[in-house]
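# Residue-level structure breakdown
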Amino acid sequence: MTNIAHTWEMHCHSTFSDGTLSAQGVYDLALERQLEHLVLTDHDTAAGYRWLREHGTLSESLRLWPGAELSTVWMKRSVHIVGIGMDVMSPAWQAVEARYDQARESRFERLLFVLRREGLTLDESAIRVQADGATLGRPHIARYLVDTGQAKDSAQAFKRWLGNGKVGDVKQSWPELEQAVADIVANGGWAVLAHPHRYKLTWRKLEQLLDDFTAVGGQAVEVSCPAMPPAMRQRLVDHCCERDILIGGGSDFHQPEVPWARLGFYPQWPSLGPKLVDSLLNS
Ligand code: AMP
Ligand code: MN
Ligand code: MN
Ligand code: MN
């Protein structure tokens, strides 16, 4: 399906996690693209939202929403849940983020250990300096491996060491899916299952994930995603329509250079099914 320009972006990243534009840079690009609603969803943090509220230059024509993409495990697999509209200024939410900070720290240490054991040279402080306070993740290590000539590009670093099922696929630090959904909902947010096509699950297994996700309070599923196979999209639309699950989506923008994930561009909303954007506007 072709990606079209939307007025909403509900899934994107800044330098507060593994994106390459600053939070202000993402906001300015959204303005340039004439978006009307922007949800910044950095991995495990809403620091970009807080920064923009305090120091950013915001426009009347582009509403900024709080959000975050939480890392979780479900049946020993890594699954991402986007949260939108939480009270991210509250101590309760900031305690959630603090737990993630700790989890990322111990995971980073573990990653260094397992990757060094593979023979890679990793300068911990250089990676930290480069990440500049962002939630530290595999993409930062991938960039370092490219910069030091140990990998040709990020894709190769993921293929060899960091991707799903490889030595660097360290996920034991993340909370269970149920915990993340509870954290989002308890703080007034909407929980959205991110990019269902990226988990390499059979339809049967994906249905199980959807059932578990909604059983613990998850409300929406990303259905309009760039590069989602059309057959899966149709099945997801049917599934959501039958069960009154809200239909969401977004580009998962990380950097301007990637042509298939441009900010604000993703497939059109399906004609049928309840839409997350309507619920957000009425909330
Ligand atoms: P982490 O938050 O450390 O688990 O890293 C996950 C992030 O790595 C994802 O959000 C993507 O941005 C990036 N990523 C995952 N798989 C790949 C891949 N095969 N190639 C490049 N980047 C990837
Ligand atoms: Mn990412
Ligand atoms: Mn994700
Ligand atoms: Mn994402």
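Above this text is the structure in question.
Residues numbered from 1 in each chain as written. Chains lettered and ligands numbered in written order. Predicted model: local features only at pLDDT ≥ 70, side-chain atom pairs only at ≥ 80, totals over all residues. Heavy atoms only, no water.

Our focus in this paragraph is the coordination of the manganese ion (ligand 3). The expected angle between donors at a tetrahedral four-coordinate metal is 109.5 degrees. At an octahedral six-coordinate metal it is 90 or 180 degrees. Protein coordination of the manganese ion (ligand 3) is provided by Glu69 (OE), His80 (ND1) and His195 (NE2), with donor distances spanning 2.1 to 2.2 Å. All donor residues of the manganese ion (ligand 3) come from one chain, and their arrangement in sequence is E-x10-H-x114-H. A separation of 5.6 Å is found between the manganese ion (ligand 3) and the manganese ion (ligand 2). Separated by 11 residues along the polypeptide, Glu69 in strand E5 (residues 67-74) and His80 in strand E6 (residues 77-84) bring together distant segments of the chain. Both residues of the pair, Glu69 and His80, belong to the buried class. (Donors = N, O, S within 2.8 Å, 3.2 Å for Na, K, Ca; no water. Helix = DSSP H or I, 4+ residues; strand = E, 2+ residues; numbered from the N terminus. Buried < 20%, exposed > 50% of the residue type's maximum accessible area, 1.4 Å probe, protein only.)

Let us now look at the sheet that holds strand E4 (residues 63-65). The strand order across the open sheet formed by 3 strands is E2-E3-E4, and the pairing between neighbours is parallel. The open sheet is flanked by strand E2 (8-9) and E4, the only strands paired with a single partner. As judged from the 3 bridges shared by strand E3 (residues 37-39) and E4, these two strands associate in the parallel manner. For His37, the partnering residue across the bridge sits in E4 and is Arg63. (Pairing = 2+ DSSP bridges.)

This paragraph deals with the sheet that holds E5. An order of E5-E6-E7-E8-E9 is seen for the 5 strands of this open sheet, with the pairing classed as mixed. The sheet terminates laterally at E5 and strand E9 (246-249), the two strands that pair on one side only. Taken pair by pair, the neighbouring strands of this sheet meet at an average axis angle of 40 degrees, ignoring direction. Note: E6 against strand E7 (residues 190-193), 4 bridges, orientation antiparallel. Residue pairing across strands places Ile84 opposite Trp190, the latter belonging to E7. (Axes fitted to C-alpha atoms, helices over the stretch in contact; angles between N-to-C directions.)

The final tally for this structure, using the stated rule, is 9 salt bridges. The closest approach of N and O atoms between Arg128 and Glu109, which form a salt bridge, is 3.4 Å. Note that Arg128 is positioned in helix H4 (residues 124-131) and Glu109 in helix H3 (residues 91-117), a separation of 19 residues in sequence. Taking the relative accessible area as the measure of exposure, Arg128 reaches 27% and is therefore partly exposed. Linked through salt bridges whose partners overlap, the residues forming this network are Glu105, Glu109, Glu124 and Arg128. (Salt bridge = Lys/Arg side-chain N within 4 Å of Asp/Glu carboxyl O.)

A few words now on the coordination of the manganese ion (ligand 2). The protein atoms that coordinate the manganese ion (ligand 2) are Asp18 (OD), His43 (NE2) and His254 (NE2), at distances spanning 2.1 to 2.2 Å. The sequence motif formed by the donor residues of the manganese ion (ligand 2) is D-x24-H-x210-H. A relative accessible area of 10% places His43 in the buried class.

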